[in-house]
Amino acid sequence: LKRAAQLAPAPCRWNSGLPVNIGVLFVPQQEAWVVERMGKFHRILEPGLNFLIPLLDRIRYVQSLKEIVINVPEQSAVTLDNVTLQIDGVLYLRVMDPYKASYGVEDPEYAVTQLAQTTMRSELGKLSLDRVFRERESLNASIVDAINQASDCWGIRCLRYEIKDIHVPPRVKESMQMQVEAERRKRATVLESEGTRESAINVAEGQKQAQILASEAEKAEQINKAAGREANAMLVKARAKAEAIQLLAAALSQQHGNAAASLSVAEQYVNAFSKIAKDSNTVLLPANTGDVTNMVAQALGIYTTLTKPQAVKTQEEMPSAHENSQPPAAEVLKAEQGSSS
C-alpha cells in the first residue's frame, strides 16, 4: 500500500474545466493562460482584458503563478550506517515560465515530487543517523539544489524543502534514548565533580586568605607591642636601673657604705653557690670555696680599684675628719664575723 501511495500521481492543481473562448476574456491576477491557435502555441494571456478569435484560438493550459505547496509522501531511506528511516517533507514551488511548465513536462508537480523523493534518499544515504538529525538544514539545502538543477527546463523553481517527520525504528529509538540518558548522566557526573573541585578550591583559598590575614595581624600586633609596651617597659627599666644606680652610689658614699657593700657581696656569693648545682650536672668550684672572707676581700678589692679615682676626688673635697671616721674594711669584716659567730 505504501509503495502504491508513493507511485500514485500527485493531485492536479489545474481547474477541472478550462475557460471557453468567447472572444472577450478577463484573466485573473497571478494566472497565465496559454493559448493555442489551430493547435500551435500562439501566446500567453496577461492578467486583465484580452481578445481572442473564437474557433481558431483555444485556451490549452492555465498556470498559477502563486507559490505552490506540495506534500511529499512518506518514504523509506537507508542511512550510511544502515539504519532504515521513514521520512516525509513539504515542497514549495513556483512556476517561473508558463510555456516550459506547459510543454516541458506532462505533470510538473508529480515530476518534482518524485525528484524530491529520489534526491532525499540519495542524500540520506551519504549521512549517518546522528548527522541526519544535526544537519537537517544542510540536507534541505542539498535537496533544493538538486531539484532546481533538474527542474530548470520545466519552468519551475523550488524555493525550499522542509522535512516534517523522521520516524526511527523502535529498537534504534530505544538505543538512542539509552545513549541520551548515558550522556546526561555523564554530564551530571562531570558537573558534580567540577562543583566539588570548585568548592575545594574556594575552601582552600579561604583558608589561605585567613592564614595570611592572621599572620599579618600577628605581625602587626608584634610590631605594635615592640613599638609600644615593650619599648615603654625598656624605658621604665632603664630609668629604674639608673635611679637604683644613683641610690646605690649615694648609699656607698655615706658612712659605713663599704661595710654594706661587703655584706651584699657575701650574700650574693652564698646565693650563687646554692644555685650552681641546679643549672647543670657539671660544677666547677674554685680551690678556696670555703674561704668566704678571702672571696669577699677579692670582690671588695676589685670594687676599690674601680672606685679609686672617685675616692681621690672625694678625699680632696671632703674634710680629713670625715675620712678618719670611716673604719677600715678589714675591721668591719671582722666585726661582722664576730657578730655572726
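About the cut-offs
Residues numbered from 1 in each chain as written. Predicted model: local features only at pLDDT ≥ 70, side-chain atom pairs only at ≥ 80, totals over all residues. Heavy atoms only, no water. Helix = DSSP H or I, 4+ residues; strand = E, 2+ residues; numbered from the N terminus. Buried < 20%, exposed > 50% of the residue type's maximum accessible area, 1.4 Å probe, protein only. Contact = heavy atoms within 4.5 Å. Areas by Shrake-Rupley, 256 points an atom, 1.4 Å probe, with all protein chains shown as cover. Salt bridge = Lys/Arg side-chain N within 4 Å of Asp/Glu carboxyl O. Pairing = 2+ DSSP bridges. Axes fitted to C-alpha atoms, helices over the stretch in contact; angles between N-to-C directions. Phe/Tyr/Trp six-rings, centres within 6.5 Å; stacked < 30°, edge-to-face > 60°. Lys NZ or Arg CZ within 6 Å of the ring centre and 35° of its normal. Lys, Arg positive; Asp, Glu negative; His and termini not counted. Polar contact = N/O pair within 3.5 Å; in protein donor to acceptor, adjacent residues only side chain to side chain. Core = buried A, V, L, I, M, F, W, Y, C linked by side-chain atoms within 4.5 Å.

1. What about the overall build of the protein chain?
Moving on, step 1. A count of helices and strands for the protein chain gives eleven helices and eight strands.
Moving on, step 2. A burial count over the protein chain gives 24% of its 341 residues as buried.
Moving on, step 3. Partitioning the intrachain contacts of the protein chain with sequence separation of at least 6 by distance along the chain shows that 67% fall at a separation of at least 24.
Moving on, step 4. Here the protein chain displays about 23600 Å² of accessible surface, and carbon together with sulfur accounts for 56% of that area.

2. Remarks on the pattern of salt bridges
Moving on, step 1. Tallied over the full model, the rule gives five salt bridges.
Moving on, step 2. Residue aspartate 57 pairs with arginine 37 through a salt bridge whose shortest N-O separation is 2.5 Å. In this pair, aspartate 57 sits in strand S5 (residues 57-64) while arginine 37 sits in strand S2 (residues 31-37), placing the two residues 20 residues apart along the sequence.
Moving on, step 3. Arginine 37 gets classed as partly exposed once you look at its relative accessible area, which sits at 27%.
Moving on, step 4. A salt bridge links arginine 160 to glutamate 67; the shortest N-O distance between them is 3.2 Å.

3. A word on the pairing of strand S1 (residues 24-27)
Moving on, step 1. Here S1 shows a clear split, with Leu25 and Val27 buried on one side and none of Val24 and Phe26 buried on the other.
Moving on, step 2. Across four bridges, S1 lies against strand S4 (residues 48-51) in antiparallel orientation. Residue pairing across strands places leucine 25 opposite asparagine 50, the latter belonging to S4.

4. Points about the sheet that holds strand S3 (residues 40-45)
Moving on, step 1. The three strands are arranged S3-S2-S5 in an open sheet whose pairing can be described as antiparallel. Either end of the sheet is taken by a strand with one partner, and the two such strands are S3 and S5. Adjacent strand axes in the sheet meet at a mean angle of 25° when their direction is disregarded.
Moving on, step 2. Two elements, S2 and S3, share five bridges in a ladder whose sense is antiparallel. Within the sheet, the bridge partner assigned to arginine 37 lies in S3 and is lysine 40.

5. Section: the sheet that holds strand S6 (residues 67-78)
Moving on, step 1. Read across the open sheet, the three strands follow the order S6-S7-S8; overall the sheet is antiparallel. Edge positions in the sheet fall to S6 and strand S8 (156-167), since each of these pairs with one other strand and no more. Each strand of the sheet is rotated relative to its neighbour by a mean of 20°, with strand direction disregarded.
Moving on, step 2. The pairing of S6 with strand S7 (residues 84-95) spans ten bridges and is antiparallel.

6. Observations regarding the packing of aromatic side chains
Moving on, step 1. Per the stated rule, a full pass over the model turns up four aromatic pairs.
Moving on, step 2. Here the aromatic rings of tyrosine 61 and tyrosine 103 are separated by 5.5 Å at their centres, their planes lie at 85°, and the arrangement is edge-to-face. Taken together, the residues tyrosine 61 in strand S5 and tyrosine 103 in helix H2 (residues 98-103) connect sequence positions 42 residues apart.
Moving on, step 3. Geometrically, the ring pair formed by tyrosine 99 and tyrosine 103 is tilted, given 5.1 Å between the ring centres and 45° between the ring planes. In this pair, tyrosine 99 and tyrosine 103 both sit in helix H2, four residues apart, roughly one turn of the helix.
Moving on, step 4. Three or more aromatic residues joined by ring pairs form one cluster here, namely Phe41, Tyr61, Tyr99 and Tyr103.
Moving on, step 5. Of note, arginine 60 hangs over the ring of tyrosine 61, and the distance from its end group to the ring centre comes to 4.9 Å.
Moving on, step 6. Over the aromatic face of tyrosine 92 sits the side chain of arginine 160, whose NZ or CZ is 4.2 Å from the ring centroid.

7. Concerning the side chain of aspartate 88
Moving on, step 1. If you trace the backbone, aspartate 88 turns up in strand S7.
Moving on, step 2. Salt bridges are absent for the buried aspartate 88, whose nearest opposite-charge side chain, lysine 164, sits at 4.3 Å.
Moving on, step 3. There is a polar contact of 3.0 Å between the side chain of aspartate 88 and the backbone nitrogen of aspartate 165.
Moving on, step 4. For aspartate 88, the residues in contact, after removing those within four places along its chain, are Val72, Pro73, Glu74, Tyr161, Ile163, Lys164 and Asp165.

8. Describing the nonpolar core
Moving on, step 1. The biggest cluster of nonpolar side chains holds 32 residues, and the ones touching the most others in it are Leu85, Leu91, Leu93, Val112, Leu124, Ile147 and Tyr161.
Moving on, step 2. Elements with a minimum of two residues in this core: S6, S7, helix H3 (108-124), helix H4 (129-134), helix H5 (136-151) and S8.
Moving on, step 3. Here this core gets six residues from one element, more than from any other, and that element is H3.
Moving on, step 4. Apart from the residues within four sequence positions on either side, leucine 124 is in contact with Ala77, Val78, Thr79, Leu80, Ile87, Val132 and Leu139.
Moving on, step 5. Val27, Trp33, Leu52 and Val62 belong to the second-largest nonpolar core, a separate cluster that totals eight residues.

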